[in-house]
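What follows is each chain in one-letter form.
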Amino acid sequence: MSTQESFAFPARPALGRSGRQIQVRANFFPVQSLPQRPIHHYEVVITPEVPPAKNRRVYQLWEDEALLSGNLGGVRPVFDGRKNVYSARPLPIVGDASEFTVDFFDNEDPFAIKNTAKKFTLALIKVGEINMQSLGLFLEGNRQIETPHDAINALDILLRHRPSLVYTTVGRCFYTPDSAAPIANGAQLWQGFHQSIRPTRGQMLINLDVSATAFFQPGPLVEMVAKILNRNTPNDLRAPITEKDRTKLDKTLKGLKVAVTHRGQIRRKYRIARLTLTPASRTMFQLTATGQEESVAGYFLNKYNAPLYFPHLPCLIVGDPAKLIYLPIEVCEVVAGQRHLRKLNERQTAEMIKFTCQPPHVRSNKISAGITILQQRDNEYLREFDVTIGHEMAIVNSRILPAPAISYHPASKEPVITPREGAWNLRDKMVAQGVTIRSWSVVAFGTDHDYPVVAIQKFITLLVQTCEECGVFVQNRQPPISYANPHGNVEKTIVDAYMVAGNSFQERPQLVVCILPNTGVPLYAEIKRVSDTVVGLATQCIQAKHMFAAKRQYCANVCLKMNVKLGGMNSFLSNAQLPFVSERPTIVFGADVTHPAPGSASTQSIAALVGSMDAQCSRYAAAIRVQKGRQEMIQDLASMVVELLKTFYQTCGAKPERICFFRDGVSEGQFHDVLRAEIEAMRVACTMLEATYRPTITYIVVQKRHHARFFPIRKEDSDKSGNVLPGTVVETGVTHPSEFDFYLCSHPGLQGTSKPTHYHVLYDENQFTSDSLQELTYRLCYLYCRATRSVSVVPPAYYAHLVAARARFHATGDGWLEGYSDFGSVMNMSQMSSASMSSIASLNGSSSTTSVSVGGMIGANSGGAGVNSLSAQMGGLSVGGGGSGEGPASASASALSKRVSITNLAAGPVRTLGSRASGFFSNNAPVGGANGGIVGFAKNGGSSFGSGPTVGPDGSSSSAEGIVRVMNYGVVKSELASVMWYM
């Protein structure tokens, strides 16, 4: 298994037959003819080294001169902008290497001597020849031929060469400032096209799509400063700015290239290093001639007779920050064509979505025009290589898979519904398993003037009514309402709300509903950090604008989220519709790794893994790890898999015999490395639990970051938005020549053009057929628990993304500390005040024994017979009452005052769920008592199942591998063990 051959990607099985056959148009254009002769590959070395943009200009100067002089013998080579040159015929160079001198006049270098050329040396070195015959064999599906990356790269560079000379190039996209649209805070959106070349059966295709990205708006820098600070005009900058505004400017402008305007025709360009702490009137420097100190404002007045209009604004420090070159903001202009690399803010993002949202027919027309705009029709470089491009979009065969029948509680007026066009509603339906809410409270982050009590009570009344109509019983219909400062101590607020709920109802609180101002991620993030990692309590956040204009549909959506957070189940599919999962014990994993955003202070990536915990794939437990930044492989996957396999076993009473692993976020270049590492990690995890335990594994990469789009040809094959219908699957025409992959558009179109998800099978011991995998994937998309719509990505991958995003909120201070555990992590309870801990501990200690289990699972007194009958109808679905789970009285002040070690990082210590496992996979019973006490998969010693890191008296965690290093990170509390807390 250590060799790459052991991980050869599976071949495509027979094409699927399920569903209705249709044809769709795809944004791919055929390459009608390919070079028949070998392509010649050269390496180009330009010295001294310069950035890629200047590299291309130096090369182009050489090529233009060589073509004019005839030194190239009529050959037209193509250049990738860095080091590779390709030609259809050999270049007339002496031997295998030649050197040339290029004179380059750089008008952008502020320190260059005017009208003096900078000399560059360009060396051409013969690398070899690329055999194009291997590409033909690969396209015919010959599995003996490895992917000819060299031939595909050469064609890609050929097709990109001409557009790169004309347009601004960003990655695989070409942009133009024509029709640029301004957005908030000094940015503007440029339109362009994404272009790539893709192999499919029998031919190469050009994948072309419209694209847009943000650039900085060119013009006077003072105008950009006004926009960044949300001022209407520069005249609004007359008053001195605050330190907060100065810091915001410093962060936004750092690295921006500006040109000076105070020296007439001399427009030197500089890059901003930082802003001064003092305004221009008080920023002092020493004059070289006299040695006297003078302010920047005074210098410009005396030297250029230019009094500054904004002497109270800070200066720019440009170029080398050690040299302290000062420039006033008002004498600088923003150079055109600079990308906005930092993450767009909320307002900019909203405006970008509005700008880029285009109906399918509009997008299709723009793409069709793009092949001409990028000059792929009349192109001398293509003629040189004997390449011709078709100018009509490809028409491919596809199928529309039938929608599954979704089941709700049998007592519903409409217990089973087959959605139309991927959407349905909760009218006349009750959730499959509804929780009972007994102890809860409401916190409004504002004043009673902002949120009058009457308005809150009106919303709560509607929410409670809607919950009960949906099968979620609210025993206490009038929760206590409190107010809090949105800029205050959120931890104290949540703990106080917890105490108020507990004291009001004399039960451990299950839920706090938080009413928030309409914007602001930091408050939401802090609420989730405190509730997840400090208190161990479900919270439901509501935006104030939705509270004031509440409708039943909105309340129903909130009800769905509350139900799963408290341990309920909203809907399910019958066993017959999920045969792969229901026939034998099967766990479905979803995994994702998220990386820090550009400009973020964090250097850590977060790996998230979720696993299904029942036969209906409706409940998922989660595990989280923090790992070294920018690494896509999950470093600690083995221990994460161990955690979730244990949870599955203790929840269901069965060992998974099959694993279906949906992996998000892997690019094609990483397929082999990630697959090898993660399959081996899963094998290690299984061996850790039992030496002979070897479930069959299927590993599927889920890709959303692609540019394939499909457009319906006939009106009856489209939905109301003009998009392809949910269930449209494409497995030929634009997919891999021989490997098992497909595109699936599983969601209804809302606005714009629907983006399908690409699924690529990299490992398959379960021997899926095309139909079985496509139907499983599509049907799972109807089980996303907080919506009454099918979703665009298979839910396990979706949940993994949500878990990783929530884990970002759990970071405290400036980020993450280095290090992560081999067997879990340790929660630093020192982040919680002693008053908060003692308050919760006293409430837990005073709570009376109750039948409701921790986390708000259905209590024994809330319609137990109904639950049992539902369990029987669902073929042994893992449901049940409080059973033998941890009761509220089991928590104590001493336990809370310690740091808590966990074996399941996301869900807390794995707890035996007793009777919840009964009736589930009876042919694969757990080794242990009927109510738990499971030790491992094996009856004999030597299994590590159920064991975990030990906790020392000081709360530190250790294992056989050594001391676990503590992260400055709150671990999700054990009270949330059995629920989907990340919803």
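Note that the coordinates shown come from a computational prediction; the quantities given were computed from them, not determined experimentally.

Cut-off values and rules
Residues numbered from 1 in each chain as written. Predicted model: local features only at pLDDT ≥ 70, side-chain atom pairs only at ≥ 80, totals over all residues. Heavy atoms only, no water. Core = buried A, V, L, I, M, F, W, Y, C linked by side-chain atoms within 4.5 Å. Buried < 20%, exposed > 50% of the residue type's maximum accessible area, 1.4 Å probe, protein only. Helix = DSSP H or I, 4+ residues; strand = E, 2+ residues; numbered from the N terminus. Contact = heavy atoms within 4.5 Å. Salt bridge = Lys/Arg side-chain N within 4 Å of Asp/Glu carboxyl O. Expected span 1.5 Å × (residues − 1). Polar contact = N/O pair within 3.5 Å; in protein donor to acceptor, adjacent residues only side chain to side chain. Phe/Tyr/Trp six-rings, centres within 6.5 Å; stacked < 30°, edge-to-face > 60°. Lys NZ or Arg CZ within 6 Å of the ring centre and 35° of its normal. Pairing = 2+ DSSP bridges.

Peer 1: Tell me about the nonpolar core, and please be specific about residues and values.
Peer 2: Counting residues in each nonpolar core, the largest one holds 89 residues, and the members touching the most others are Ile-437, Trp-440, Phe-662, Tyr-759, Tyr-799, Trp-981 and Tyr-982. No other element matches the eight residues that helix H10 (residues 453-469) contributes to this core. With residues near it in sequence (within four places) discarded, Tyr-799 still touches Val-610, Tyr-620, Leu-783, Tyr-784, Cys-785, Met-980, Tyr-982 and Met-983. Core analysis: the second largest hydrophobic core is formed by 39 residues, Ile-587, Leu-609, Ile-659 and Val-666 among them.

Peer 1: Requested: an account of the environment of Arg-779, with residues and values cited.
Peer 2: Topologically, Arg-779 is positioned in helix H18 (residues 770-780). Of the residues examined, Arg-779 reaches a relative accessible area of 17% and is grouped as buried. The sequence separation of Arg-779 and Ala-405 amounts to 374 residues, and the corresponding C-alpha distance is 9.1 Å. With near-sequence residues (within four places) excluded, Arg-779 lies in contact with Pro-404, Leu-573, Gln-577 and Leu-578.

Peer 1: Pulling in residues and values, what's your account of the pattern of salt bridges?
Peer 2: Counted by the stated rule, this structure contains 33 salt bridges. With its nearest N and O atoms 2.7 Å apart, the salt bridge here joins Asp-532 to Arg-806. Placement of Asp-532 in helix H12 (residues 521-535) and of Arg-806 in helix H19 (residues 795-809) is noted, with a sequence separation of 274 residues between them. Side by side, Asp-532 and Arg-806 carry an identical accessibility label, which is buried. Here the salt bridges do not stand alone but share partners, grouping Arg-20, Arg-714, Glu-716 and Asp-717 into one network.

Peer 1: Tell me about the environment of Ile-395, residues and numbers included.
Peer 2: On the secondary structure map, Ile-395 appears in strand S21 (residues 394-400). The spatial distance from the C-alpha of Ile-395 to the C-alpha of Ile-713 is 9.0 Å, given a sequence separation of 318 residues. In this structure Ile-395 touches Gln-23, Val-24, Arg-25 and Ile-713, once residues within four positions along its chain are discounted.

Peer 1: Can you explain helix H11 (residues 490-505)? Please cite residues and give values.
Peer 2: End to end, H11 covers 23 Å across 16 residues, agreeing with the expected 22 Å (1.5 Å per residue, within 8%). Residues of H11 that are buried include every one of Val-490, Glu-491, Thr-493, Ile-494, Val-495, Ala-497, Tyr-498, Met-499, Ala-501, Gly-502 and Phe-505, and no others. Where H11 begins, the capping side chain belongs to Asn-489, and its oxygen is found 3.1 Å from the backbone nitrogen of Glu-491. Two residues or fewer after H11 comes Gln-506, characterised by a positive phi angle close to 55°.

Peer 1: Got a sec to walk through unusual backbone geometry? Specific residues and values, please.
Peer 2: Omega for the peptide link from Thr-47 to Pro-48 comes to -5°, which places this bond in the cis form. Take Pro-48: it is sitting in the loop between strand S3 (39-47) and helix H1 (52-69).

Peer 1: Let's hear about the packing of aromatic side chains: which residues, and what values?
Peer 2: Within the structure shown, the criterion is met by 27 aromatic pairs. Here the aromatic rings of Phe-285 and Tyr-299 are separated by 5.4 Å at their centres, their planes lie at 75°, and the arrangement is edge-to-face. One end of the pair, Phe-285, is in strand S15 (residues 284-286); the other, Tyr-299, is in helix H6 (residues 296-304), and 14 residues separate them in sequence. Judged by its relative accessible area of 22%, Phe-285 is partly exposed. For Tyr-299, a relative accessible area of 24% translates into the label partly exposed. For the cation-ring pair, Arg-76 lies above Tyr-381, with the distance from its terminal atom to the ring centre recorded as 5.7 Å.

Peer 1: Could you give an account of the pairing of strand S18 (residues 325-328), naming the residues involved and the relevant values?
Peer 2: Pairing geometry for strand S17 (residues 314-318) and S18, over four bridges, is antiparallel. Of the residues in S18, the one forming a bridge with Cys-315 is Pro-328. Between the end of S17 and the start of S18, which pair antiparallel, lie six residues, with Gly-319 showing a positive phi angle near 70°.

Peer 1: So what's going on with the pairing of strand S25 (residues 440-445)? Which residues, and what values?
Peer 2: Most of S25 is tucked away: six of the six residues are buried. Taking every second residue as pointing to the same face, both faces of S25 are buried, with Trp-440, Val-442 and Ala-444 on one and Ser-441, Val-443 and Phe-445 on the other. As paired elements, S25 and strand S28 (residues 511-516) share five bridges and run parallel to each other. Across the sheet, residue Ser-441 finds its bridge partner in S28, namely Val-512. Examined bridge by bridge, S25 and strand S27 (residues 481-484) share four bridges and lie parallel to one another. Bridging from a neighbouring strand, Ala-444 pairs with Tyr-483 of S27.

Peer 1: Any chance you could break down the side chain of Asn-55 for me, citing the residues and the numbers?
Peer 2: Take Asn-55: it is sitting in helix H1. You can call Asn-55 buried: its relative accessible area is 10%. Once residues lying within four places of it in the same chain are set aside, the contact partners of Asn-55 are Ile-46, Val-50, Phe-79, Gly-81 and Arg-82.

Peer 1: Describe the sheet that holds S18, naming the residues involved and giving the relevant values.
Peer 2: What the six strands build is an open sheet, ordered S12-S19-S13-S14-S17-S18; its pairing is antiparallel. Every interior strand has two partners, whereas the edge strands, strand S12 (219-220) and S18, have only one. In terms of strand pairing, S12 meets strand S19 (residues 332-334) through two bridges, oriented antiparallel. Counterpart to Pro-220 in the pairing with S19 is Glu-333.

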